[in-house]
Amino acid sequence: MHPETGAGTDPAALPLFRTDGTGGRAEGPRQGRRRSSFSLAGVTPLRSVDSTEGSVAARSTDVGQRPSANDWRDSESLDWTLIARIRQEVADRLSQESAGTMLEDREAQHDRGWELIGELLARESNERARAGQEVWGTAEQGRISRAVFDAVFGLGRLQPLVDDDEVENVMIFGHDRVALGLTGGRQVPGPKVAESDEELIEFLAFVATRSEVNPRPFSPSHPRLDLRLDDGSRLAAQAWVCPVPQVVIRRHRMTRVSLEEMVERQALTALAASFLASAIRSGMSVVVSGAQSAGKTTMIRALCGEIPKPEVIATFETEYELHLHEMPDRHPYAFAYEARPGSGEIGPDGKRAGEVTLADLLFSSFRMNLDRQIVGEVRGPEAMAMLKAMQSGSGSISTTHAANAVGAIEKLVTCVMEAGAHATHSFAVRAVAAGINIIAHVTKEVEPLENGEARVHRYISEIVAVSPGEEQRGYATTHIFRAAPGERVARPVVLPDELRSLERFGFDLPAFVRESGEIQ
């Protein structure tokens, strides 16, 4: 039993896998069960497998092929009681075999899992035939076997949602109320993801604690969960502090993106892209601001694409979202750091046991020969780590939530002050004004269409230069690009003299002068 979550380490102990049909909390492992060493992992690419039984059921993988991902639109028609029972049997067998033969390799676990699923479905099919019940067809059998596999190794009933390339966001308001955000801005109802709220909470706790990438607690003492799933999606959940468990899964559909692609998508003009690219290459520190789901992370990935390849870089995130370290062709020298939440009581140092903050990771990185330190999303006291990164190298890149570019400055000042009593308002203002060079603000607009769907527009609406100021607020801003009211194109306005040197880093200064009407 996990000390924080109360969830059993054996997945078969979850209510999701009960066979009594109650959906209640499991009473614990059955007598004689051996603990498993197999882990929750992402689904590997499908490959051929030979049947171990002669019946149609054993050949649940059509023509020797393992079934592809299920369509979430048909998930309600599956027999989840049967799936839970078979899943529990597969878990039991894997527990015993992994303890006895050391089935540690993920691929071996998956291979054996498919074999066991085929055997158990063959037995079930034969029993149905003897009882005079309708025998499954090949397609139905494939859907059941895939659902069992997802329950054993993936995200169970959530897996078809994250497998669908058309799904961008999954919003869960309790076990039976689900909304899906599809590409193009459409919102459609989704299938229920559990039989009860308790089952959903237990499953989330299991996913959090058994994650291979960074286990995290989820319990009444830790009612918030922020987790990177094995496929790179981001899961945020809350329970015990809200009427029903609430979950949002954000899928990252555009990881390898460039400023050129963003121009093609009309997120900004070629001239604005030229300016931002030159700012990155020159070593300036850039913050991308915007509302939730405005496309900040996608924009920051595109900006990171302008970092010169020879640079040694490091990313610092609460959950990996940038994935620069997974693109050696674009970033051959990239270190990646992910913060780790602690557990238990807060100690004398103000931390929970095992906690590793972004500030800790940043401190550790100063001996890694880095040229650039990139702090991902800034929502609170990690702003101090962001400013340290900006002061320590050749520029950093971060994102933050704000209503506009100037508002982002005030937001970051507030975040810096959350670092402790030592971070006074005047200190925070000076640090932000001195650390940040450029703020690019991303705006999201949803345009309703006549057919009831919607078109989402995401675009750079402002690019602002920031500098220390002598006025009362402590900083000065200059709008370099700005979209006029009612427009979705940020046009050139004024270029501070000190930024004209960006021309040697590729900025199209003559075009800016021409389009803005400036006198050179």
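Residues numbered from 1 in each chain as written. Predicted model: local features only at pLDDT ≥ 70, side-chain atom pairs only at ≥ 80, totals over all residues. Heavy atoms only, no water.

It is worth spelling out the overall build of the chain at this point. Helix and strand counts for the chain stand at 13 helices and 18 strands. Here the analysis covers contacts within the chain between residues at least 6 apart in sequence; of these, 58% occur between residues at least 24 apart. Accessible surface for the chain amounts to roughly 23,300 Å². Of this, 49% is attributable to carbon and sulfur atoms. (Helix = DSSP H or I, 4+ residues; strand = E, 2+ residues; numbered from the N terminus. Contact = heavy atoms within 4.5 Å. Areas by Shrake-Rupley, 256 points an atom, 1.4 Å probe, with all protein chains shown as cover.)

Pairing within the open sheet is mixed, and its seven strands lie in the order β13-β14-β7-β15-β16-β17-β18. The open sheet is flanked by β13 (377-378) and β18 (490-492), the only strands paired with a single partner. Taken together, the five bridges between strand β7 (residues 286-290) and strand β14 (residues 397-401) define a ladder with parallel strand orientation. Along β14, the bridge assignment pairs S289 with T400. Its contacts with the sheet put helix α7 (residues 270-282) on β7, β14, β15 (438-448), β16 (454-468), β17 (475-483) and β18, and the angle it makes with β17 is roughly 140 degrees. Taken strand by strand, helix α11 (residues 405-417) contacts β7, β13, β14, β15, β16 and β17, and its axis lies near 145 degrees from that of β17. (Pairing = 2+ DSSP bridges. Axes fitted to C-alpha atoms, helices over the stretch in contact; angles between N-to-C directions.)

Here V135 lies in the loop between α2 (106-130) and α3 (138-153). Under the relative-accessibility criterion, V135 is labelled partly exposed at 37%. Sequence spacing of V135 and E124 is 11 residues, and the spatial spacing of their C-alpha atoms is 9.4 Å. Not counting residues up to four positions away in its chain, the partners in contact with V135 are S125 and A129. (Buried < 20%, exposed > 50% of the residue type's maximum accessible area, 1.4 Å probe, protein only.)

Another aspect to go through is unusual backbone geometry. Positioned with a positive phi, W240 is a non-glycine residue whose angle comes to about 70 degrees. The phi dihedral of S293 is positive, around 60 degrees, even though this residue is not glycine. Here S293 lies in the loop between β7 and α8 (296-304). Judged by relative accessible area, which is 16%, S293 ranks as buried.

In this section: the confidence of the model for the chain. Predicted confidence across the chain gives a mean pLDDT of 81, with 83% of residues reaching 70 or more. Mean pLDDT across the elements of the chain bottoms out in strand β10 (residues 343-346) (68) and peaks in α7 (96). Across residues 1-9, where pLDDT falls below 50, the model places 22 contacts with residues more than four positions away in sequence or in other chains. Predicted confidence is poor over residues 15-64, with pLDDT under 50, and the contacts of this stretch with residues over four places away or in other chains come to 132 contacts. (pLDDT = per-residue confidence, 0-100.)

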